[in-house]
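# Coordinates in review
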Amino acid sequence: MQKLPLNRQLQAVEWRNSELTILDQRYLPEVVSYHHLRTVEQVVNAIQTMQVRGAPAIGIAAAYAVVLAARHCFAQHGDGWKQTIAKQVNLLADSRPTAVNLVWALDKMSALIETIQGDPESKLLAMARQIHQDDIDANLTMGIYGADILGKCTAVLTHCNAGALATGGYGTALGVIRSACSRGLQQVYATETRPWLQGARLTVWELQQDGIASTLITDLASGYLMQQGKIDWIIVGADRIAANGDTANKIGTYALATLARQHGVKTMVVAPCSTIDWTLISGEMIAIEQRDPMELLPDSYQGDDSLVTAWNPVFDVTPAHLIDAIVTERGVVFKPDENGMKKLQSSASQESQAE
Ligand code: MRU
């Protein structure tokens, strides 16, 4: 298994030498390869094919892509660049449907575009860098809040990859796990996360890069794990949280949270406020991405005469009542519901006005 060179921090997305550098997550852990992207079309393709993935990382990549788009539009059209950039922003917004961080970041970039006169690149780059840095800062803060909640808990399970690879750095769920491990958390279990194997390929690899031991299980071993009393908490990230706390995350999260309730295990969702979609009153309104059935179907069932099809929703919605805590950088909502989320919203907006 490949190890990153020492002193090279794990970065899914990076602005380097005036271009967007991404770590291609399709071939990890066997191959660590980086791509240097210079156009919006390249970034859209990278998002759609999951070279870059994870809600916050997608949003950050899209913000940097707007810088690339602005450079191109300004070079081509001079002062008319604003008329042409909207189409590029729309292409980015449509690249994946469930993670709200994508449109959240694009809205921020679009609002700034409205105010810019002259060459836009440096101002847009400063905003994209800010979005990136804010995400890392949020993860570090959530790491502390989440580890405080875990207290003396000794064993946790995480699902999918909500680590440095899925964010600006450090991670949401894995940020909490990193922080808790530094305080003595002893046992980290990770699900494989079928069909794309984010857990098997990314999470355990990412933890290993940090010297954190973990134990991989098949997705369906999670029920037996809980029945055996081996974990206290499930810790996951989120792709979109509705205003009542219902949470869309990687397919299987709902099943895990349901099993957790059955076995007295608690469920923690860790996500920055950029993952909360205040416009949706409940999780029923969240668009769930359906990916190509070919991601699931073995080659032998892919012929025209095959009677086997596949259904491949890649996210599901966990109702708020199955969640024990939503951890954000602006505070924690225990036993989330509409009222708890509203309190978070108002304290978050007061804090951001004060900044
Ligand atoms: O399909 P993916 O790999 O983009 O899905 C990622 C997840 O579901 C993560 O749990 C979520 O984006 C949170 S990442 C901090």
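Residues numbered from 1 in each chain as written. Predicted model: local features only at pLDDT ≥ 70, side-chain atom pairs only at ≥ 80, totals over all residues. Heavy atoms only, no water.

### Digging into the domain arrangement of the protein
For the protein, the assigned domains read domain 1 (13-135) and domain 2 (146-354). Distance from the C-alpha centre of domain 1 to the C-alpha centre of domain 2: 25 Å. Contact with domain 1, which involves 25 residues of that partner, is made by 28 residues of domain 2. Interface area for domain 1 against domain 2, summed over the two sides, is near 2,200 Å², with a carbon-plus-sulfur share of 55%. Broken down residue by residue, the surface that domain 1 buries against domain 2 is led by Arg53, Thr98 and Val100, which jointly contribute 28%. The interface formed by domain 1 and domain 2 contains 1 salt bridge. Arg96 is the partner of Glu289 in a salt bridge, and the nearest nitrogen-oxygen pair spans 2.8 Å. At the junction of domain 1 and domain 2, the tally comes to 17 residue pairs in polar contact (both at pLDDT 80 or more). Among the elements of the structure, helix H2 (55-77), helix H4 (101-115) and helix H5 (121-150) are those that each provide at least two residues to the side of domain 1 that touches domain 2. With 4 residues, H2 is the largest single contributor of residues to the side of domain 1 that touches domain 2. (Domains from an automatic or database assignment. Contact = heavy atoms within 4.5 Å. Buried area = accessible area lost by both parts, 1.4 Å probe. Salt bridge = Lys/Arg side-chain N within 4 Å of Asp/Glu carboxyl O. Polar contact = N/O pair within 3.5 Å; in protein donor to acceptor, adjacent residues only side chain to side chain. Helix = DSSP H or I, 4+ residues; strand = E, 2+ residues; numbered from the N terminus.)

### Considering the site of the ligand
Every one of the 19 residues lining the ligand counts as a neighbour, but Arg53, Gln198, Asp239, Asn249 and Lys250 are closest to it. Between the ligand and the protein, one listed contact pairs an oxygen atom with a side-chain N or O atom of Arg53 at 2.5 Å. Contact distances for the ligand include 2.8 Å between an oxygen atom and a side-chain N or O atom of Asp239. Burial of the ligand by the surrounding chains reaches 100%, relative to a free accessible area of 410 Å². Mapping the ligand onto the cavity grids shows that it belongs to the largest cavity. If you list the elements that add at least two residues to the shell around the ligand, you get H2 and strand S9 (247-250). In the shell around the ligand, the residues fall into 8 nonpolar, 7 polar and 4 charged. Taken domain by domain, the makeup of the shell around the ligand includes at least three residues from each of domain 1 (13-135) and domain 2 (146-354). (Near = heavy atom within 4 Å. Areas by Shrake-Rupley, 256 points an atom, 1.4 Å probe, with all protein chains shown as cover. 1 Å grid on protein atoms, 1.4 Å probe; cavity = no way out; pocket = protein on both sides within 12 Å on 5 of 7 lines; lining within 4 Å. Sits in = over half its atoms within 2 Å of the grid points. Nonpolar A, V, L, I, M, F, W, Y, C, P; charged D, E, K, R; others polar.)

### Here's the deal with H2
Over its 23 residues, H2 extends 32 Å from the first C-alpha to the last, a length consistent with the 33 Å expected when each residue adds 1.5 Å. Positive backbone phi, at 55°, marks Gly78, one or two positions downstream of H2. (Expected span 1.5 Å × (residues − 1).)

### What to know about helix H6 (residues 173-182)
With 9 of its 10 residues buried, H6 lies for the most part within the structure. Among all positions of H6, only Ala173, Leu174, Gly175, Val176, Ile177, Arg178, Ser179, Ala180 and Cys181 are buried. Contact partners of the buried residues in H6: H5, strand S4 (155-158), strand S5 (187-191), helix H7 (198-209), strand S7 (233-236) and strand S10 (266-270). (Buried < 20%, exposed > 50% of the residue type's maximum accessible area, 1.4 Å probe, protein only.)

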